[in-house]
Each structure stands twice: as structure tokens, then as C-alpha cells.
Amino acid sequence: MSILITGGAGYIGSHTLVELSQFNYDFIVYDNLSNSSQESLKRVEKIIGKSITFINGDIRDSEKLKEVFSNYTIDSVIHFAGLKAVGQSVEQPLEYYDNNVVGTLRLLEVMKEFACKKIVFSSSATVYSEVDAKNYTPLTESNPVGGTTNPYGTSKYMIERILEDLYISDNSFKIAILRYFNPVGAHESGTIGEDPNGIPNNLMPFISQVAVGKREYLSVFGSDYDTHDGTGVRDYIHVVDLSIAHVKAIEYLGTDALASAIGETKVSLPKINPLIVNIGTGVGYSVLDVVKAFEKASGKEVLYRLVDRRAGDIAKCYANPSYAKEVLGWEATKTLEQMCEDSWRWQSNNPNGYNCDK
Ligand code: NAD
Ligand code: WQD
């Protein structure tokens, strides 16, 4: 029995493989390598000390998926595969809806055909409707969703709805929807991490590249927000904490993919289905807080310039993560300091990411 990990060669997927392995789960990686390379899997193999079954395939390719479900006994799916760049999604909406929404439909059809009915889905805090900064409270799972402002966010919202409707039609499906806040950091080995193509869109990889000398300075988007220092506040979550949340979600759904029982990893909790849960720390840090923490962790100066707000950004976004603790027994443990130290170890050991020729 194995867990199929779509998008398992990517940033969050590769870290989740390490944690799944720690808890003795069997898995198979299915990825089209459109935003990753097999090098990440080779590095994971070194960390976990065993080889990984990898299938180079696209989630939109039903025939290939059927082949996988025929050749392996798939107990459950952790579904990371998707495109994730907000700005690019505005330029290429059809590609994003095709890849993310149509891809998920194809995957779910094949899962249904093979009676594989457990899925953990990578959703995002971006599904929440825009928050009025003046009346801001941390986001709980019952906050309104769907007021998305770009095709990427809309694709996540659509998939959530598809999963909910699937459950209504067939309540033998067991579904966990994880709404991630801002994943950052890297495995403490410094051998796997986030490897964006081209100029990073996200804050932490951009800061890392300034610190390592690949970029001259950070543009801080907006310094007149209603926050403690005027810069945007977000809930940064260490990717290892986030990965552990997937192990908890898989346990919650009740999997048979344990290679062998090592200790009591299965939990028995009242089941909510579909489970929709925020994965964040509950603590908000500003852009300048992150810059300062990164400088301390790296011992490098991070030059920055205050520039205009970025279109579509909001002042503050952070989670109320108490539901995750209640239902999954999960909570974040890693600090901003650790997030910066681990990001820096990855970036400084691998200035060109996985590709030495970049
Ligand atoms: P990533 O790009 O590093 O990983 C995604 C992986 O999916 C890549 O390896 C890519 O090659 C693969 N992939 C893409 N389209 C595919 C397809 N059609 N078929 C097969 N494989 C495909 O991204 P990540 O940061 O690891 O994100 C993983 C998931 O989490 C994504 O669904 C993303 O939208 C979601 N998410 C990410 C963040 C974030 O900030 N990183 C936040 C919230 C949600
Ligand atoms: C964080 C803060 C920026 C870059 C995005 C997606 C979201 C989710 C996570 C996938 C903001 C500021 C950034 C820079 C800056 N992804 N910033 N200079 O926008 O909160 O969320 O990634 O689901 O859907 O929208 O993350 O890292 O881009 O920005 O000042 O060069 O850093 O304005 O305040 P964001 P981010």
C-alpha cells in the first residue's frame, strides 16, 4: 500500500517525503517536473537512506495515471501538483485552470475508478475573501472564501468546491483540505529547499538571493500599511512544520500505507469530512521583521528599498491555527529565526538551487 504524492519533486512535496519516511509511510512520486527536477528526489533519497519510486507524468494524463493505479496499490493521495505563481496566472489563466482544475478532475476520476478515496489537498490562504484590514482578526476556517483576485487563487477555490461536491455525491471519500499560509524555510540538512525559476516572486527566496549576492536589493512593496512598521504582515510557516501537517492529515484520514508499524502513529479522532484546516503559526511578521531576522541568521546585510505597494497585496494575513491543533493534534513549532537560518543554509550551500549550471 502506498501514498501517491503528486508534485512530490517540488518544494513542499520533497520536504513531505522526508517526514512521511520518518513515520514509515510508503509512497510513490508522480510529477511532470514542470517546476522541479529529479535532483530534489536524489537529495531526499540521501536524507532518508532509501530509493524513491518516481513516475514522470502529468496529472492531466488519465491513461498514465490509470497505469500507475493498476501497477501499484494506492491507498491515498497527497495532491501537491499544480502551478502556483500568482502573477503568471493572471497572464496565463487558461494554462492555470487546465493544469490545476482540469488536472485535479482527471486525478479524482481515476481515483474514483480505482476506489482510492482518500486525498489531502494543498489549498491556500489565498482562497479567503479580501479582509478589511481595519477590522482584521486572524483568519479562521469559517471566514468567507471565494473572493479571489487571480486565476491561481480561483483555481484553488474551485478545487475546494469540487472536493466538497465530490464528497456530497459519494461520502465514502475522505478529504483533507489544508489551507497553507506562507511556507518558507528548508530542511535542516541544507540539501533540499525552494528553488524558484528566474526572479523570485515570494519574499523569503528574494531575501535569500540578496543575501547570497545574486540580487542587489529587495524592493519592499509598500511601507504605508496599517501595520506596526507600515510593511505587509504575513504568517510564515516553516516547510518542515507544514510537511508534518500532511503526515497528521494522512493519519487523520486513516491510511493503510504504513510500511510497518513503528510505534502508534495512527490516531483515532472524531472525523470531520471534508476536513478544512488552516496551516499557519498564528503569528504575523512584517517584511522588515523578516529582513532583520534574516540578517541576524545569515550575518549578511540585506539591502532594501521601500517602493510602492504591489497590486493585489493586503496589509495583514495570518491564521488562527487552533482548529489544526484540535482536530489534527498539529501545531507549528519552528520560529522565524529557524525559518531564516534554514533558508540561509539551503541558499548559501546551493546558490544556484538544484541546477549547478543556472
Ligand atoms: P512547486 O512548484 O515547488 O511544486 C509543485 C510540483 O508539481 C512541481 O514539482 C511541478 O513540477 C509539479 N506539477 C505541476 N503541474 C503538474 C502536472 N500537471 N502534473 C504533474 N506534476 C505537476 O510548488 P510548492 O510550493 O511545492 O507547492 C505545492 C502545492 O502547494 C501547490 O499546489 C501550490 O499551489 C500549493 N501552495 C503553495 C504555497 C507556496 O507558497 N509555496 C502556498 C499555498 C499553497
Ligand atoms: C509576502 C510579503 C509582499 C516580495 C503568496 C501568494 C499566496 C501563497 C503564498 C500560494 C508581502 C512582500 C514580497 C518582494 C516584498 N502562495 N514582498 N518584496 O503575497 O503573501 O502570498 O505566496 O498559494 O497565494 O499570493 O507572499 O512572499 O509574495 O509576499 O515586499 O520582493 O512580502 O508585499 O507583504 P504573499 P509573498
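Structure first, text after, so check above.
Remember, predicted model here, so these are calculated numbers, not experimental data. (Residues numbered from 1 in each chain as written. Chains lettered and ligands numbered in written order. Predicted model: local features only at pLDDT ≥ 70, side-chain atom pairs only at ≥ 80, totals over all residues. Heavy atoms only, no water.)

Student: Outline the overall build of the protein chain, supporting the account with residue identities and numerical values.
Tutor: Within the protein chain, the secondary structure is distributed over 11 helices and 14 strands. In the protein chain, which comprises 358 residues, the share counted as buried stands at 52%. Taking as baseline every contact in the protein chain between residues at least 6 positions apart, the subset at least 24 positions apart corresponds to 80%. Counting every atom, the protein chain has about 15400 Å² of accessible surface; 47% of that belongs to carbon and sulfur. Charge separation in the protein chain, taken as the distance between the mean sites of 34 positive and 45 negative side-chain charges, equals 1 Å. (Helix = DSSP H or I, 4+ residues; strand = E, 2+ residues; numbered from the N terminus. Buried < 20%, exposed > 50% of the residue type's maximum accessible area, 1.4 Å probe, protein only. Contact = heavy atoms within 4.5 Å. Areas by Shrake-Rupley, 256 points an atom, 1.4 Å probe, with all protein chains shown as cover. Lys, Arg positive; Asp, Glu negative; His and termini not counted. Charge placed at Lys NZ, Arg CZ, Asp CG, Glu CD.)

Student: Mind laying out the site of ligand 1, listing which residues take part and the relevant values?
Tutor: In the vicinity of ligand 1 there are 27 residues, among which Asp31, Asn35, Ser36, Phe80 and Tyr152 approach most closely. Residue glycine 10 places a main-chain N or O atom 3.2 Å away from an oxygen atom belonging to ligand 1. Within the complex, the protein chains bury 95% of what would otherwise be the 820 Å² of accessible surface of ligand 1. For the shell around ligand 1, the elements supplying multiple residues, two or more each, are helix 1 (11-22), strand 5 (118-124) and helix 6 (151-169). With 3 residues, strand 5 is the largest single contributor of residues to the shell around ligand 1. For the shell around ligand 1, the per-class residue count stands at 10 nonpolar, 12 polar and 5 charged. (Near = heavy atom within 4 Å. Polar contact = N/O pair within 3.5 Å; in protein donor to acceptor, adjacent residues only side chain to side chain. Nonpolar A, V, L, I, M, F, W, Y, C, P; charged D, E, K, R; others polar.)

Student: I'd like to hear about the sheet that holds strand 6 (residues 174-180), residue by residue, with values.
Tutor: Here 7 strands make up an open sheet; going across it, the order is 3-2-1-4-5-6-11 and the pairing parallel. The two strands at the open ends of the sheet, each matched to only one other strand, are strand 3 (53-56) and strand 11 (275-279). This sheet shows a mean twist of 20 degrees between the axes of neighbouring strands, independent of strand direction. (Pairing = 2+ DSSP bridges. Axes fitted to C-alpha atoms, helices over the stretch in contact; angles between N-to-C directions.)

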